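Single-letter residue listing:
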Amino acid sequence: MSDPFKSFNQHTAEDYVTGLIKEEEEEEEEEEEEEEEDLVDPMDTVREKCEKTEHCVHTRERLEACENRVGSRSETEEDCTEELFDFLHARDHCVSHKLFHSVK
């Protein structure tokens with residue numbers, strides 16, 4: 001007759017080890033995800049700073065005013081392409097001067 005406790009203890013130990021391995025794998029995956037989240041594109045950071053400069057704020061205000069004006073009309077041929085390009089040009093001009101100072 002076989003010992004029922006021996007079988008129980010063997011399965012319990014195997015389940016315990018399997019559980020430990022799964023927990024360790026999950027922790028490693030979480031650490032990898034955290035490392036990936038920490039990566040920040042320096043260009044995004046510089047863009048955010050440049051958007052706060054006086055010239056960019058002015059061109060963004062013109063763009064938003066245009067969008068509000070166009071959005072309030074039901075029929076219009078006007079679009080805000082010029083204002084959008086002015087804003088993007090001002091921001092990218094600022095970025096071009098600052099970006100390479102932060103790249104290693």
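As the structure is a computational prediction, the values presented were derived from the model and not from experiment. (Residues numbered from 1 in each chain as written. Predicted model: local features only at pLDDT ≥ 70, side-chain atom pairs only at ≥ 80, totals over all residues. Heavy atoms only, no water.)

**Things to note about the nonpolar core**
We apply this condition: Nine residue types can take part in a nonpolar core, namely buried Ala, Val, Leu, Ile, Met, Phe, Trp, Tyr and Cys, and a core is a set of them joined through side-chain atoms within 4.5 Å. Partly exposed describes any residue whose relative accessible area lies between the buried limit of under 20% and the exposed limit of over 50%, with all areas from a 1.4 Å probe on protein chains only and scaled to the type maximum. Starting at the N terminus, helices and strands are each numbered in turn, a helix being any DSSP run of H or I of at least four residues and a strand any DSSP run of E of at least two. We call two residues in contact whenever any of their non-hydrogen atoms come within 4.5 Å of each other.
Cys56, Leu63, Cys66, Cys80, Phe87 and Ala90 form the largest nonpolar core, which has six residues in total. Of all the secondary-structure elements, those providing two or more residues to this core are helix 3 (54-72) and helix 4 (81-102). In this structure, Cys66 is in contact with Glu78, Asp79, Cys80 and Glu83, ignoring residues within four places of it in sequence. Val46, Cys94, Val95 and Leu99 belong to the second-largest nonpolar core, a separate cluster that totals five residues.

**Let's talk about the pattern of salt bridges**
Where we set the bar: Basic side-chain nitrogens of Lys or Arg form a salt bridge, by our definition, when they fall within 4 Å of a carboxyl oxygen of Asp or Glu.
This model, assessed by the stated rule, comprises six salt bridges. In this structure, the salt-bridge partner of Arg91 is Glu51, at a minimum N-O distance of 3.2 Å. Of this pair, Arg91 sits in helix 4 while Glu51 sits in the loop between helix 2 (42-50) and helix 3, and the two are 40 residues apart along the sequence. A residue is classified by how much of its surface remains accessible, and Arg91, at 12% relative accessible area, is buried. Arg69 is paired through a salt bridge with Glu78; the nearest N and O atoms lie 2.8 Å apart.

**Some words on the state of the cysteines**
Formally, a disulfide is one covalent bond, and it connects the sulfur atom of one cysteine to the sulfur atom of another. Put simply, the test is: For the purposes of this analysis, a disulfide is any pair of cysteine sulfur atoms at a distance within 2.5 Å.
A full pass over the atoms with the stated rule returns two disulfides. One disulfide bridge connects Cys50 with Cys94, the sulfur atoms lying 2.1 Å from each other. What sets the handedness of the Cys50 and Cys94 disulfide is the S-S torsion sign, and at about -75° it is left-handed. With Cys50 in helix 2 and Cys94 in helix 4, this pair connects stretches of sequence that are 44 residues apart. Per residue, the accessibility class of Cys50 equals that of Cys94, and both read buried. The side chain of Cys66 participates in a disulfide bridge whose partner is Cys80; the two sulfur atoms lie 2.1 Å from each other. Here Cys66 and Cys80 share a disulfide; its torsion about the S-S bond, -95°, makes the bridge left-handed. You can see Cys66 sitting in helix 3 and its partner Cys80 sitting in the loop between helix 3 and helix 4, a full 14 residues away along the chain. Taken as a pair, Cys66 and Cys80 share a single burial class, namely buried. Here the chain pairs its bonded cysteines, counted in sequence order, in the arrangement 1-4, 2-3.

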